[in-house]
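# Tertiary structure, described
Residue strings, one per chain:
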Amino acid sequence: MSDVIAPRIRLLDSTLRDGSHGIKHRYTPEQVALIAGKLDEAGVHSIGVGHGDGLGASSIQFMRSLHTDDQLLTAARRAIKRARLAVTFQPGIGTKRHLERAADLGADLVRIATHCTEADIAVQHIRLARQLGMDVHGDLMMPHMTTPEMIARQGRIMVDAGATGVHIMDSAGALTMSDVRARIAAMLAEFGGDAEAGIHAHQNLSLAVANTIVAFEEGATLADACLAGAGAGAGNCQMEALVAVMEKTGRSTGIDLWTLEDVADQIVRPILTTPPSVDRTTLTQGFAGVPGSFLHHAFRAAERFGVDARDVLVEVGRRKSVGGQEDLVIEVAAQLAAARQSAAS
Amino acid sequence: MAVAVAILGSGNIGTDLMYKVLRNLALELVGVAGIDPSSEGLARARSLGVDASDRGVAAFLDDHPDVMMAFDATSASAHVEHAALLAARGIRCVDLTPAALGPAVVPDVNLDEHLDAPEVNLVTCGAQATVPIVAALSGVGPVRYAEIVSTVASRSAGPGTRSNIDEFTTSTAQSLETLGGAAEGKAIMILNPAEPPIMMRNAVYAEIDAMPAGQAVGAVYAAVGRVAAYIPGYHLATEPLVADGVLTTFVEVEGAGDYLPRFAGNLDIMTSAAVRVAERFAEGRAL
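Residue positions are counted from 1 within each chain, in the order its sequence is given. Here the convention is simple: chains get letters from A, ligands get numbers from 1, in the order in which they are written. Under the rules for a predicted model, residues below a pLDDT of 70 receive no local features and side-chain atom pairs below 80 are neither given nor counted, while totals for whole chains, interfaces and linings still include all residues. To get the side-chain values, take all heavy atoms of the structure and skip hydrogens and water.

Here we take up a positive patch on the surface. Patch construction takes residues with relative accessible area above 30% that form no salt bridge. Like charges are linked within 9 Å, and nonpolar side chains (Val, Leu, Ile, Met, Phe, Trp, Tyr) are linked within 5 Å. For accessible areas, the Shrake-Rupley method is used with a probe of radius 1.4 Å. Any residue's cover is judged against the shown protein chains and nothing else. The term salt bridge refers to a side-chain nitrogen of Lys or Arg lying within 4 Å of a carboxyl oxygen of Asp or Glu. The charge count treats Lys and Arg as positive and Asp and Glu as negative. His and the chain ends do not count. One atom stands in for each charge, and that atom is NZ of Lys, CZ of Arg, CG of Asp or CD of Glu. Residues A:K24, A:R26, A:R300 and A:R304 make up a contiguous surface patch of positive charge. Only DSSP runs of H or I covering at least 4 residues are called helices, and only runs of E covering at least 2 are called strands; the numbering of each starts at the N terminus. Residue placement: A:R304 occurs in helix 12 (residues 295–305).

Turning our attention to the sheet that holds strand 4 (residues 69–72) of chain B. All names here are of chain B. What makes two strands pair is DSSP finding at least two bridges between them. Pairing in this open sheet of six strands is parallel, and the strands run 3-2-1-4-5-6 from one edge to the other. Of all the strands in the sheet, the pair left with one neighbour each is strand 3 (51–53) and strand 6 (119–121). Each strand axis lies, on average, 20 degrees off the axis of its neighbour in the sheet, ignoring direction. With four bridges connecting them, strand 4 and strand 5 (residues 92–95) associate as parallel partners. To obtain each axis, a line is fitted to C-alpha atoms, and for helices this fit is confined to the stretch in contact; angles are then taken between N-to-C directions over 0 to 180 degrees.

With that settled, consider the state of the cysteines. All names here are of chain A. Note on terminology: pairs of cysteine sulfur atoms within 2.5 Å are recorded as disulfides. For the structure shown, the criterion picks out zero disulfides over all chains. C226 takes part in no disulfide bond, and the closest cysteine sulfur to it belongs to C237, at a distance of 8.6 Å. Burial classes follow relative accessibility: with a 1.4 Å probe on protein chains only, a residue under 20% of its type's maximum area counts as buried, one over 50% as exposed, and anything between as partly exposed. A relative accessible area of 0% means that C226 is categorised as buried. Its relative accessible area of 0% is what places C237 among the buried residues.

Residue and element names in this part refer to chain A. In the structure shown here, the tally under the stated rule is 38 salt bridges over all chains. D160 is the salt-bridge partner of R156, the closest N and O atoms lying 3.1 Å from each other. A residue pair is termed a helical-turn pair when its members lie 3 or 4 positions apart in one helix, as R156 and D160 do in helix 6 (residues 148–161) at four residues. Of the residues examined, R156 reaches a relative accessible area of 19% and is grouped as buried. On the basis of relative accessibility, which here comes to 56%, the residue D160 falls in the exposed class. Across the pair E331 and R319 runs a salt bridge whose closest N-O atoms are separated by 3.4 Å. Of this pair, E331 sits in helix 14 (residues 326–344) while R319 sits in the loop between helix 13 (309–318) and helix 14; the two residues are twelve residues apart in sequence, bridging distant segments of the chain. Of the residues examined, E331 reaches a relative accessible area of 2% and is grouped as buried.

Here we come to the environment of B:D108. Residue and element names in this part refer to chain B. For D108, the location among the structural elements is in helix 5 (residues 107–110). A relative accessible area of 18% places D108 in the buried class. When the C-alpha atoms of D108 and G9 are compared, they prove to be 26 Å apart, with 99 residues separating the residues in sequence. Contacts: residue pairs with any heavy atoms within 4.5 Å of one another. Excluding its chain neighbours within four sequence positions, the residues that come into contact with D108 are P132, A223, R226, V227 and Y230. Here a polar contact is recorded for every N or O atom pair within 3.5 Å, except that within protein the pair must consist of a potential hydrogen donor and a potential acceptor, and residues adjacent in sequence are included only if both atoms are side-chain atoms. Among the polar contacts listed, one links the side chain of D108 to the side chain of R226, at a separation of 2.7 Å.

So, on to the interface of chain B and chain A. Taken together, the 35 residues of chain B in the interface contact 34 residues of chain A. What counts as buried area is the accessible surface, traced by a 1.4 Å probe, that two parts surrender upon association, with contributions from both included. Taken over both partners, the interface formed by chain B and chain A buries close to 2600 Å², and the fraction arising from carbon and sulfur atoms is 51%. At the boundary of chain B and chain A, one finds six salt bridges. For A:E118, the salt bridge is made with B:R162, and the minimal N-O distance between the two is 2.7 Å. There are 18 residue pairs in polar contact (both at pLDDT 80 or more) connecting chain B and chain A.

Judged by nonpolar contacts, the single largest core of 82 residues is most densely connected at A:L11, A:I35, A:I47, A:V49, A:F216, A:L227 and A:L242. The greatest single-element share of this core, amounting to seven residues, is contributed by helix 10 (residues 257–271) of chain A. In this view, A:L227 contacts A:D13, A:T15, A:I35, A:L39, A:M239, A:E240, A:L260, A:V263, A:A264 and A:V268; residues no more than four positions away in its chain are not counted. Counting 74 residues, the second-largest nonpolar core is a separate cluster that includes B:V5, B:L27, B:L137 and B:V152. The nonpolar core is taken to be a set of buried Ala, Val, Leu, Ile, Met, Phe, Trp, Tyr and Cys residues, with the residues joined through side-chain atoms within 4.5 Å.

Below, the discussion takes up the sheet that holds strand 7 (residues 196–200) of chain A. Residues and elements named next belong to chain A. The eight strands are arranged 1-2-3-4-5-6-7-8 in a closed barrel whose pairing can be described as parallel. For this sheet the average axis-to-axis angle between neighbouring strands, irrespective of direction, equals 25 degrees. In the sheet, strand 1 (residues 10–16) pairs with strand 2 (residues 46–49) via three bridges, with the strands oriented parallel. Each residue of the ladder has a partner; that of L12, found in strand 2, is S46.

All names here are of chain A. Take D139: it is sitting in strand 5 (residues 135–141). Accessibility expressed as a relative area gives 0% for D139, which makes it buried. For D139, the residues in contact, after removing those within four places along its chain, are R111, I112, A113, T114, M158, H167 and M169.

Let's shift gears to the pairing of strand 5 of chain A. Residue and element names in this part refer to chain A. With six of seven residues buried, strand 5 lies mostly within the body of the structure. Handedness of the β-α-β unit built from strand 4 (residues 109–115), helix 5 (residues 123–131) and strand 5 comes out right-handed. Across five bridges, the pairing between strand 5 and strand 6 (residues 165–169) is parallel. Bridge assignment links H137 to a residue of strand 6, and that residue is G165. Handedness of the β-α-β unit built from strand 5, helix 6 and strand 6 comes out right-handed. Place the viewer so that the strands point away; then a crossover is right-handed whenever the path from the first strand over the helix to the second strand goes clockwise.

Below is the structure:
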C-alpha cells in the first residue's frame with residue numbers, strides 16, 4: 001500500500017438541485033427534508049437544494065417550481081446536521097437579494113455559475129457571497145464550447161474574486177474523457193495552488209462516471225453527483241456508482257455506500273417519473289452539445305408544434321445556444337413547423 | 001429651427017449616436033465632449049466637422065453656450081456630476097447611462113409624459129425592446145405577469161454591463177410594471193459568445209389570461225410596427241403565440257451599423273430611442 005496520502009476527494013450532491021430538472025422542479029419540502037437528511041447521514045460533503053437553474057429561476061423561461069426556494073431551503077436546513085447546504089446562483093437570473101436571502105436561510109455554500117467564457121459577470125456576486133459568510137465555488141457551464149486555456153483563465157477570474165473551487169459543469173454531457181483531462185489539467189496549472197478543481201458530469205454520452213474518475217486522475221478533488229443518476233438530460237453522474245468505483249480504485253470517500261443505495265432506490269427512484277436514460281433525445285443533446293435542462297422544454301415544444309424533438313435540439317445546437325436559452329427551443333420549434341408548412345404548400 | 005445638442009462621451013455609444021444625430025433634421029450637433037484625446041470617437045467627430053473637445057464637460061459647455069440639450073453616453077457615476085452642470089445651465093438631458101436620476105422614457109409608451117423634465121433616462125436596452133409590447137397588451141386588458149429574457153452577444157456587453165447585471169434585470173423588471181402596466185414583472189439576461197456574434201433577441205412572455213388572442217396578437221403587431229419606425233432594425237422573429245393564457249413572442253434588434261456593428265442591436269436600440277426622445281423635445285420647443 002502506498003504511503004502517499006492522496007488529497008481527500010469531496011462529493012457534492014445535486015439530487016435536490018440538478019435532480020429538480022428531471023422532475024420539472026416539483027420537489028416538495030417533505031421530500032427535500034427526507035432526502036437531505038439521508039444524504040447527510042451518508043456523509044456527503046454538500047447537499048445542493050433548489051430550482052435546477054438556481055435562486056430566483058422559478059419562471060416561465062425555466063418552468064415554475066412547485067414550491068419556493070424559501071420553502072425548500074428551510075426544509076433542508078432543518079434536516080442537515082453536518083453536510084454543507086448549497087445553493088446555485090446564476091448572475092442574470094438571480095440578484096444580490098437572492099444571495100442575501102439564501103444566507104439568511106442558512107446556506108453554507110454558493111455555486112455561482114456562468115457560461116464558460118463569461119466569468120467576469122460573477123465577480124460582484126462571488127465577493128458578496130463571501131462577505132455574507134458563505135463559501136463559494138465557481139461553476140463554468142458548457143465547457144465543451146471553449147478551449148481548456150480559456151476555461152483556466154475564466155477559472156482564475158473566479159478564484160481571484162474569492163471562489164475556493166471551480167467546477168467544469170458539463171451541462172450538455174458533451175465532454176469526452178480526453179476533453180475532461182485537458183480542462184482539469186489546464187485549470188490546476190493555472191490556479192491549483194489557490195483553489196480546487198471540480199467536475200459536474202452529465203450522462204448524455206454515457207460517460208459521466210468515467211469522466212469523473214478521469215478528472216480525479218488529473219487532480220480534481222471535487223465532484224458533483226446525484227442519487228440514482230437523477231438530473232437534467234440523461235441525468236448526472238450516479239452518486240452510488242461513483243462511490244463504488246472510487247472505493248474499487250483506492251479512493252476513500254468517507255461515505256456509506258449502502259445508505260446511498262437505499263435512499264436512491266427506495267426514496268429517489270419512485271419520485272423520478274421518467275428515469276434518467278441515454279435515449280435518442282438525451283443522446284442527441286450530448287452529441288449536439290445542447291444543455292440537458294432543455295430536454296423537457298424540447299419535448300413540450302415538439303409536441304406543441306408537431307416536430308421531432310431531435311430536430312429542434314440539433315438546430316438549437318447549430319445556433320450555438322448557451323445555457324439559459326430555453327426560449328430558443330420554442331422559437332426553433334415554431335420556425336421548423338412553419339418551414340415545413342410552407343414547403344408543403 | 002433645429003435645436004442645438006451636444007453629446008457627452010466619445011466611446012462606442014456616443015460615437016454611434018453622433019451619426020444618428022447628424023442625420024436628424026430636428027437636431028443640430030454642436031459638439032462631442034470626451035475625456036480621451038486619442039479616442040477614435042473624437043477623431044471621427046473632427047473628421048465630420050463636429051467640434052471634438054477633450055477638456056471635460058464644464059469647459060465644453062462654457063465654449064458652447066448655445067447648447068439646449070445634451071445626451072449623456074458616459075457612465076452612471078460621471079452622469080451624476082454632469083447632471084448638476086447641465087441643470088445649472090438649464091440644459092435638458094437624455095441620459096443613456098444607468099444612473100436613473102430622472103424619469104424613465106420608452107418612446108412608444110410615454111414620449112409625451114415628461115416633456116418638461118430636466119432629464120429623462122432610457123432604462124435599459126431590454127426595457128426599450130419589450131416594454132412597448134407589454135404596454136400594448138395592457139392597453140387591451142390586464143397583464144398579470146410579464147417576463148422578458150434578453151440574450152445579447154458577449155462582444156456587445158462591455159465592462160459596464162457586466163458589472164451591472166443586477167441593475168439591468170431589476171430596473172427592466174420594474175419598468176415592465178411601471179411603464180408596461182404588468183402587475184408583476186421579471187427580467188433575465190443571458191450573454192452568448194457565439195461567433196459570428198448573435199443579434200440581440202428578447203423573449204416576452206405575458207400572462208394575459210382570458211384576453212382574446214386575436215386582439216392580443218394584433219396589439220403586438222401594432223406595437224412592433226410603431227417601434228420599428230424609430231428603431232428600423234426591430235422586428236419579430238416569429239408570429240406571437242398564444243396558448244393557455246400566455247402570449248409568447250420573440251423580438252430581435254439588428255443595429256443600423258452606423259458605428260457599432262450590426263449585431264450590437266442592444267446598444268443601437270438605446271441610441272435610436274435617445275434620438276427619438278430628443279427629437280420630441282425639439283418639436284415640443286417649436287410648438
